Amino acid sequence: MTILILAEHDGQQLSAAVQQAVTAALFWNAPIHVLVAGNGVEHIAKQAALLAGVEKVIHANAAHLAHPLAEDLAKLILTISAEYQAILAAHSSFSRNVLPRVAALLDVAMISDVLEITAENTYVRSIYAGNILTTVQSTDTIQVLTIHSSNFVAAGFGDSAEIVHIETPAAFGKSRWLSEVLSQSDRPALSSAKVVISGGRSLGSAEKFEQVLSPLATKLGAALGATRAAVDAGFAPNDIQVGQTGIVVAPELYIAVGVSGAVQHTYGMKDSRIVVAINQDPDAPIFQVADYGLVADLFIAIPALTAAIQ
Amino acid sequence: MKILVAVKRVVDYNIKVRIKADGSDVDIAGVKMGINPFDENAIEEALRLKEKGNASEVVVVSIGSAANQDVLRHTLAMGADRAILLETDVNVQPLGVAKLLKAMIEREQTKLIMLGKQAIDDDAGQAGQMLAALLDYPQGTFASTVQIEGDEIVVTREVDGGTETLALTLPAIITADLRLNEPRFVKLPNLMMARKKPIETINASEFGIDLKPRLNLLKVSEPPARKAGIKVGSVEELINKLRAHEGIQL
């Protein structure tokens, strides 16, 4: 049997998390195929073909896949699914939209956000916002899962694999893509940044969030993140929310500024290598997960920190 | 147009869940329970669509034991018109939930179905998409705004890196993100009145659907805890500590 990875891309390039999905897929010791679906994305298929460990890239090209919808991708995957023992992708808003639909059409369960694969049908995943780990065993013949990328090392690149083209079924037709608004930022992508600075509600306003954190982020080449409280208060856009219902990050250095440390937030950052917390409240729970805690007024400490860094 | 909203009863989000001594499962006996927060957003949006004249009736469905009546009462107090309990002792997994809801939608003939984007207990985030698949309906997941326009629903979705807007031909499935709305506060008189509203109870086994779990729970455990580090006294001390780490450049 064979393993299928659903590749995520933005029309320009392959998502870096596909490399981690390849490492996860190696567990089955079976040939690995990568599905690249889109419109005019031959160059992305070629990128995927260079992934070490991939035997074949399956390329589906169609006008209606320009902004791939879950309905169309599920239809497409169903045309080739009979060949596969496992279908997986890195956990993201893209894969968690598509793969449950695929699983239901195959009449199998799906295993979301897998932390570790322990046997060919057995997985460790977290529940209750990362507070509990469960080990589950699937009884289905086809495994459909998303993987928690930061738990898997990225596969490298090597010789080019074969690229095959497949027919795309007709468009689903009952769903239309209208528009998208993507945050424009000169900063590195939050999910893969080496340094992340997150702000909480203590920043007080969108203006202060920007004024206080931005200079430090620029100096450190860091991505900005935010707690749900800060996002709900309108201090930061929703797509930089770190946590259970936002983005999960695992940078080398995570600096939590004015963040209280609710479990829903720490779920999204607890795999960071070094955590720094700066908060005025000495009892804030964030200090329990921080390597270095500084009890201080952030409006004084952050400019001081920014000034002290070369 | 009728809207069906599915709600799950979960451990209150403020509770830190514990593990049974034998590691076989989580121990939620006697723990405070409530409506899954994302499902409350789904109800709120359904009620707002009705208040705007887009819908005629809001029907709420929950799956589980008789104890689920408390979350159904809560939705009736918020303003839902009817509540249905699909009673079962089985811990129904997302695929089973989707199959049961499909049967309910075929019975109720609803054109719009709303659910939360994920439950905060199992964090699976699958039921809405699975239901859409089984019904061959379009899906608008992680919705932050919805608007009915003729025979379509226009939905803005929260995706990694921004938002995306789709138009779905009704009937359709919507899953709610937290920023879809701020659920209303339930007033005491409404709660009292909701006690008098009937809750229809159907034995889930009547549908003849196989609800057996596809995923067997082998064990539960505590995740490795991140150790608390040290407190530093000043910005200078913090920088010195960080610079001592290999690979950290300040």
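Conventions we followed
Each residue is numbered by its place in its chain's sequence as written, counting from 1. Each chain takes a letter, starting from A, and each ligand takes a number, starting from 1, following the order in which they are written. Since the coordinates come from a predicted model, pLDDT governs what is reported: local features require at least 70, and pairs of side-chain atoms require 80 or more to be given and counted, while whole-chain, interface and lining totals use all residues. Side-chain metrics in this entry use all non-hydrogen atoms of the structure; hydrogen atoms and water are not considered. Each helix is a run of DSSP H or I of at least 4 residues and each strand a run of E of at least 2, with the numbering of both proceeding from the N terminus. Relative accessibility decides the category of a residue: with a 1.4 Å probe and only protein chains considered, values under 20% of the type maximum give buried, values over 50% give exposed, and everything between is partly exposed. Two residue types count as positive, namely Lys and Arg, and two as negative, namely Asp and Glu; His and chain ends fall outside the count. In this description, the location of a charge corresponds to atom NZ of lysine, CZ of arginine, CG of aspartate or CD of glutamate. Where each domain begins and ends is defined by an automated method or by a domain database. It only takes one pair of heavy atoms within 4.5 Å for two residues to be counted as in contact. Put simply, buried area is how much 1.4 Å-probe accessible surface two parts lose in total, over both of them, once they are put together. Salt bridges are identified by distance alone: a Lys or Arg side-chain nitrogen within 4 Å of an Asp or Glu carboxyl oxygen. Just so you know the grouping, Ala, Val, Leu, Ile, Met, Phe, Trp, Tyr, Cys and Pro go in nonpolar, Asp, Glu, Lys and Arg go in charged, and all remaining residues, Gly too, go in polar. Following DSSP output, two strands are said to pair if at least two bridges run between them. The angle between two axes is taken between their N-to-C directions and runs from 0 to 180 degrees, where each axis is a line fitted to C-alpha atoms and a helix contributes only its stretch in contact.

Helix and strand content of chain B: 6 helices and 15 strands. On the principal axes, the C-alpha backbone points of chain B span a range of 65 × 45 × 40 Å. Within chain B, the fraction of its 250 residues that count as buried is 53%. Averaging the locations of the 32 positively and 35 negatively charged side chains of chain B gives two centres separated by 4 Å.

Residue and element names in this part refer to chain A. Along its sequence, chain A is organised into domain 1 (2-166) and domain 2 (190-308). Listed per partner, the contact involves 8 residues of domain 1 and 7 residues of domain 2. Between domain 1 and domain 2, a total of about 600 Å² is buried, with carbon and sulfur atoms accounting for 52% of that surface. On the domain 1 side of the contact with domain 2, A129, H148 and S150 bury the most area, a combined 58% of that side's loss. If you look at where domain 1 meets domain 2, you find 0 salt bridges. Tallied by class, residues from the side of domain 1 that touches domain 2 come to 1 nonpolar, 6 polar and 1 charged.

Moving on, we get to the sheet that holds strand 9 (residues 162-166) of chain A. Sheet architecture is open: 10 strands sit in the order 9(A)-3(A)-2(A)-1(A)-4(A)-8(A)-5(A)-6(A)-7(A)-14(B), paired in mixed fashion. Two strands in the sheet have a free side with no partner beyond their single neighbour: strand 9 of chain A together with strand 14 (215-221) of chain B. Recorded for the sheet is a direction-independent mean angle of 35° between the axes of neighbouring strands. Across 5 bridges, strand 4 (residues 84-90) of chain A lies against strand 8 (residues 143-147) of chain A in parallel orientation. In the sheet register, A90(A) faces strand 8 of chain A, and the bridge partner there is I147(A).

Another aspect to go through is the interface of chain A and chain B. Listed by partner, the interface residues are 83 residues for chain A and 79 residues for chain B. Both faces considered, chain A and chain B share a buried interface measuring about 6800 Å² in area, 53% of it formed by carbon and sulfur atoms. Considering only the surface of chain A that becomes buried against chain B, Y128(A), K174(A) and Y292(A) emerge as the three largest contributors, covering 11% of it. Summed over the shared surface of chain A and chain B, the number is 7 salt bridges. A salt bridge links E152(B) to R176(A); the shortest N-O distance between them is 2.7 Å. If one sorts the elements of the side of chain A that touches chain B by residue count, strand 10 (residues 175-182) of chain A sits on top with 8 residues. As paired elements, strand 7 (residues 132-138) of chain A and strand 14 of chain B share 6 bridges and run antiparallel to each other. Within the sheet, the bridge partner assigned to Q137(A) lies in strand 14 of chain B and is N216(B).

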